Amino acid sequence: MQGPLRNLPRWFGRQLPKGLYGRSLIIIIAPMVLLQSVVAFVFMERHWQMVTQRLSVATVRDIAAVIDMIETFPQNTDFAEVKRIAEDRLDLDIDVLPPNPLPAPRRSDIFDILDGILSDQIRDQISRPFWIDTSSINRIVEIRIQLPNHVLRVFARRSAAYASNTHIFIVWMVGTSLVLLLIAILFLRNQIRPIQALANAAESFGRGQPTPPEFRPSGASEVRRASLAFLQMRDRIERQIEQRTQMLNGVSHDLRTILTRFRLQLEFMEDSEDRRELQRDVAEMQRMLEGYLAFARDEQGEDVGELDLELMLQRLEDDATRKGKTVTAEVLGDPLIAVRPDSFTRLVTNLVSNATRHADRVNVSARREGRWLTVAVEDDGPGIPAEKREEVFKPFVRLDTARNIDAGGTGLGLSIARDIARSHGGDILLSESGLGGLRALVRIPA
């Protein structure tokens, strides 16, 4: 598709409802409207026109018979007998006028079909000059025909020359359509509700929140199967998380015991370079264990609560000041958010600590936009090359020349931060900062 119509499908797709309920209604309404439109068109153009033509033929035939009576049989000057016959037998109100010129032609947009059909029949059957008016008088059609010595004026009921019961058909068509739409809306709402409940339950679970207690498999058999599969998947994931957490806790506890014995044994050794090397190794193992435990604690299912962003960022500013670093924070919008407080605090703390470790100046900005919360951490440090920004999120990865390396790091800081963000239904993206260093953007639903 070329030219201005190239973007038409994309524009049309943006106008369509995004939800299943709205799209299902369109699937029902669109064929019904199309069908009703076709039926109305066929009725108006075929049946209605055919009925109108037959009625007009009969009306003009009666008028032709009156003209024949006037011209064939001798009449009184007031044409009383012809008027009586026309009124009693033909249901026509006629009047014989002096031979004055006919009025100027006029047409009605409302009764355009009647004007055309009636005019054609008068030309075919009577072949005299004529004038018709289908709209000036309520429910009456006025016809004037030029005779040799008179002008015949005829008042006929519009229903006798025109299919006037069309509105009944339209009312029935629209009425039945509305009834069907009402039934479809009620039925669809009941069918869509279980799907919406499943989507809400899956979204809550994806954000680390408990599944709503009122969620139960319901609806059509396919929806029930999907709901049961989700519940089974949720239970398996929770069991795996619990087993891994227990394993990490157990391993960390056992290793801590061994490290404690190492420290005690090192205390009894004489001071030497070997002893100092061993002490550094034990300290690094201790830091690694603390990282494992932090990772394990994050997956223990902390409940969602309220967190004040301003208080949290103020504490980070104070901590950075004590370490001789500059951290500025700004909160736009409501500072109260619904998250897992400890986990989210750990997420932001990891990002800010990573920034202050490699930079002198750090800016933190939090913004509420609609249903999304964004937290941007920017610094003036060395940054991370674009091709390695995803790699630093892998556990235990420490880049040799990038900012992820530090003597006291374990390579889990950014991994834990992204894991927390994704457990809230969001993510972390790294890019170049306006300060010249790295920009870490956290975006989660709030």
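Figured I'd write up the structure that's included with this text.

The rules behind each value
- Residues numbered from 1 in each chain as written.
- Predicted model: local features only at pLDDT ≥ 70, side-chain atom pairs only at ≥ 80, totals over all residues.
- Heavy atoms only, no water.
- Salt bridge = Lys/Arg side-chain N within 4 Å of Asp/Glu carboxyl O.
- Helix = DSSP H or I, 4+ residues; strand = E, 2+ residues; numbered from the N terminus.
- Buried < 20%, exposed > 50% of the residue type's maximum accessible area, 1.4 Å probe, protein only.
- Phe/Tyr/Trp six-rings, centres within 6.5 Å; stacked < 30°, edge-to-face > 60°.
- Lys NZ or Arg CZ within 6 Å of the ring centre and 35° of its normal.

### Considerations on the pattern of salt bridges
Stage number 1. Counting across every chain of the model gives 19 salt bridges.
Stage number 2. Two residues, Asp91 and Arg157, come together in a salt bridge whose shortest N-O distance is 2.6 Å. In this pair, Asp91 is assigned in the loop between helix H3 (80-89) and strand S1 (92-97) and Arg157 in strand S4 (residues 151-157), connecting sequence segments 66 residues apart.
Stage number 3. The class for Arg157 is partly exposed, based on a relative accessible area of 39%.
Stage number 4. The network of salt bridges with shared partners includes Glu390, Arg418, Arg422 and Asp427.

### Details of the packing of aromatic side chains
Stage number 1. Going through the model one piece at a time under the given rule, you end up with two aromatic pairs.
Stage number 2. Ring geometry for Phe205 and Phe230: centres 6.2 Å apart, planes at 85°, overall edge-to-face. Placement of the pair is Phe205 in helix H6 (residues 166-206) and Phe230 in helix H7 (residues 221-267), with a sequence separation of 25 residues.
Stage number 3. According to the relative accessible area criterion, Phe230 is buried, its value standing at 7%.
Stage number 4. Ring pairing ties together the aromatic residues Phe205, Phe215 and Phe230, which thus form one cluster.
Stage number 5. It is Arg418 that lies over the ring of Phe393; its NZ or CZ is 3.7 Å from the centre.
Stage number 6. One Lys or Arg, Arg443, reaches over the ring of Trp372 and ends 4.1 Å from the middle of that ring.

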